[in-house]
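Chain by chain, the residues run as shown.
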Amino acid sequence: MSLVLTTASVLDRDKVAYWNDAVSRTLVPMTVAPRGDGPFDGRIATDRLGFLQVSTMEADPNRLSRTPTLIAASSAPLVAVSVQVSGTATCVQDGRRADVDEGDLVVYDTSRPYSFDYPERFATHVFQLPRRMLGVPDAALRKVTGNAIGTGDGLGAVLLPFLATLASSADAYPPAVADRLAGNVVDLFATLITERADIGATGPETARADLLLRVRDHIDRNLGDPDLSPESIARTHRISLRYLHRLFEGEGITVSRLVQQRRLEACCRELARRGRTVPTVSAVAQRWGFVNPAHFSRVFRAAYGVSPREWRGRLSAQDDGGSSPVGTSAPGTGPVATAGAHGAGVPPYSG
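Because the structure is a prediction, the values reported are computed rather than measured.

*Asks:* So what about empty space enclosed by the protein? Which residues, and what values?
*Replies:* For the structure shown, the criterion picks out one cavity of 30 Å³ or more. Considering only enclosed or pocket space, the largest cavity measures out at about 40 Å³ in volume. Taken together, Leu27, Met30, Met57, Leu64, Ser82, Tyr108, Tyr114, Phe116, Tyr118 and Val126 make up the lining of the largest cavity. By residue number, the principal contributor to the lining of the largest cavity is strand E10 (residues 114-118), which donates three residues. In terms of residue class, the lining of the largest cavity is built from nine nonpolar, one polar and no charged.

Okay, here's the thing in structure tokens:
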């Protein structure tokens with residue numbers, strides 16, 4: 001059911017204050033300055049599609065400003081797309097001024113100051129989503145904010161009727177459909193931003209490769225954190241979980257499997273070390289993020305065909321000059337193999 005806030009039943013002297021509160025509660029905290037002397041009239045209706053908020057705002061001429069003070073007191077940053085339904089607007093963000101006509105859309109980031117100036121009565125659809133869900137580099141987003149995007153051709157031509165329909169029927173979708181639609185909207189917005197940022201034909205792949213390297217480096221540096229997960233990785237890199245999984249689609253391994261693989265390899269290296277003090281198998285497992293020793297033993301055996309203790313025993317037998325204990329492996333594939341890329345004495349992962 002839509003949340004509708006309107007000045008219709010508010011006393012004339014209180015209308016501007018009411019509208020300021022309505023806009024700030026529904027969208028993000030902003031200041032409102034009316035552009036006329038008469039009674040102010042405004043209406044805003046809001047629905048949610050999963051993590052996507054859809055609002056339709058219609059009001060008399062006014063100016064909306066998002067100031068650094070308001071930003072400092074706000075919660076997580078949002079990315080918004082405003083579609084001008086009627087009237088015109090001027091949007092200012094990141095040093096750019098956009099004249100927005102009917103049918104245009106504009107992208108803005110609530111974590112940085114911006115303003116909208118509506119010189120006449122207007123109507124607009126506003127789509128808001130958490131910045132972390134978008135999955136585009138900050139540099140690309142900054143190139144697009146504060147620019148009017150025409151919807152007469154390109155992706156804009158596809159977006160306008162889709163967004164208009166979505167805004168008019170946002171309260172009609174069951175939760176499962178709403179969640180899927182929200183995901184589709186995020187993908188469309190990410191594509192639009194990438195396209196309009198003019199990254200170029202090779203740019204998106206370069207940005208993807210750089211991000212993938214950062215993610216892999218983050219995984220390697222945080223293997224000992226038991227909370228390391230696809231969700232935490234996505235949060236750290238300010239991308240959506242969906243986009244993180246898409247990053248790994250061509251890698252031949254999922255994010256979760258990569259974390260487990262790298263943890264197992266680290267455990268193998270430590271179990272192979274010799275010295276006066278030899279850590280227990282459970283201590284090694286916990287050091288590398290496995291909180292449950294029984295689970296560690298199961299995944300180790302599933303990957304390498306032997307238990308962690310058997311793997312350590314084989315190395316000990318080899319160090320003593322004896323033959324390998326019971327259990328055989330194909331050359332170069334078992335735990336006794338020295339797989340160069342994995343480090344001395346580390347078995348190649350077969351999971």
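*Asks:* Go over the nonpolar core with me, naming the residues and quoting the values.
*Replies:* Judged by nonpolar contacts, the single largest core of 33 residues is most densely connected at Leu52, Val107, Phe127, Leu134, Phe189 and Ile193. Looking at this core, the elements with two or more residues in it are strand E4 (52-59), strand E6 (78-86), strand E9 (105-109), strand E11 (122-130), helix H3 (138-144), helix H4 (154-168) and helix H5 (175-196). A total of nine residues in this core trace back to one element, the largest contributor, which is H5. Core analysis: the second largest hydrophobic core is formed by 26 residues, Val28, Ala59, Leu64 and Tyr118 among them.

*Asks:* Lay out the sheet that holds E11 in plain terms, naming residues and giving numbers.
*Replies:* Overall, antiparallel pairing links the seven strands, which are arranged E1-E3-E4-E11-E6-E9-E12 in an open sheet. Lying at the two open borders of the sheet, with one neighbouring strand each, are strand E1 (3-6) and strand E12 (148-149). Inspection of the sheet shows E4 paired to E11 by seven bridges, in the antiparallel sense. Its bridge partner being in E11, Met57 is matched across the sheet by Thr124. This element, H5, spans strand E3 (42-49), E4, E6, E9, E11 and E12 of the sheet and lies at about 100° to E11.

*Asks:* Before we move on, could you go through the side chain of Asp104 and cite the residues and values that matter?
*Replies:* If you trace the backbone, Asp104 turns up in the loop between strand E8 (96-100) and E9. Arg196 provides the closest opposite charge to the buried, salt-bridge-free Asp104, at an N-O distance of 8.9 Å. Apart from the residues lying within four places of it in its own chain, the contact partners of Asp104 are Ser82, Val83, Gln84, Asp99, Ala148, Ile149, Gly150 and Thr151.

*Asks:* Requested: an account of the sheet that holds strand E7 (residues 89-93), with residues and values cited.
*Replies:* The pairing of strands in a sheet happens through backbone hydrogen bonds and is either parallel or antiparallel. If you trace the five strands from one edge of the open sheet to the other, you get E2-E5-E10-E7-E8, paired in antiparallel fashion. The open sheet terminates on both sides in strands that have one partner only, identified here as strand E2 (31-34) and E8. The mean angle between the axes of side-by-side strands here comes to 15°, regardless of whether they run parallel or antiparallel. With five bridges joining them, E7 and E8 adopt antiparallel strand pairing. Bridging across to E8, Ala89 finds its partner in Val100. Helix H1 (residues 15-26) contacts E2 and strand E5 (62-66) of the sheet and is inclined by roughly 145° relative to E2.

*Asks:* So what's going on with H5? Which residues, and what values?
*Replies:* Helix length check: H5 (22 residues) gives 31 Å between terminal C-alpha atoms against 32 Å at 1.5 Å per residue, within 8%. Along H5, the residues classified as buried are Ala178, Leu181, Ala182, Gly183, Val185, Val186, Phe189, Ala190, Leu192 and Ile193.

Thresholds applied
- Residues numbered from 1 in each chain as written.
- Predicted model: local features only at pLDDT ≥ 70, side-chain atom pairs only at ≥ 80, totals over all residues.
- Heavy atoms only, no water.
- 1 Å grid on protein atoms, 1.4 Å probe; cavity = no way out; pocket = protein on both sides within 12 Å on 5 of 7 lines; lining within 4 Å.
- Points joined across faces, edges and corners; volume = space filled by probe spheres on them.
- Helix = DSSP H or I, 4+ residues; strand = E, 2+ residues; numbered from the N terminus.
- Nonpolar A, V, L, I, M, F, W, Y, C, P; charged D, E, K, R; others polar.
- Core = buried A, V, L, I, M, F, W, Y, C linked by side-chain atoms within 4.5 Å.
- Buried < 20%, exposed > 50% of the residue type's maximum accessible area, 1.4 Å probe, protein only.
- Pairing = 2+ DSSP bridges.
- Contact = heavy atoms within 4.5 Å.
- Axes fitted to C-alpha atoms, helices over the stretch in contact; angles between N-to-C directions.
- Lys, Arg positive; Asp, Glu negative; His and termini not counted.
- Salt bridge = Lys/Arg side-chain N within 4 Å of Asp/Glu carboxyl O.
- Expected span 1.5 Å × (residues − 1).

Everything listed is a geometric property; what it means functionally is a separate question.
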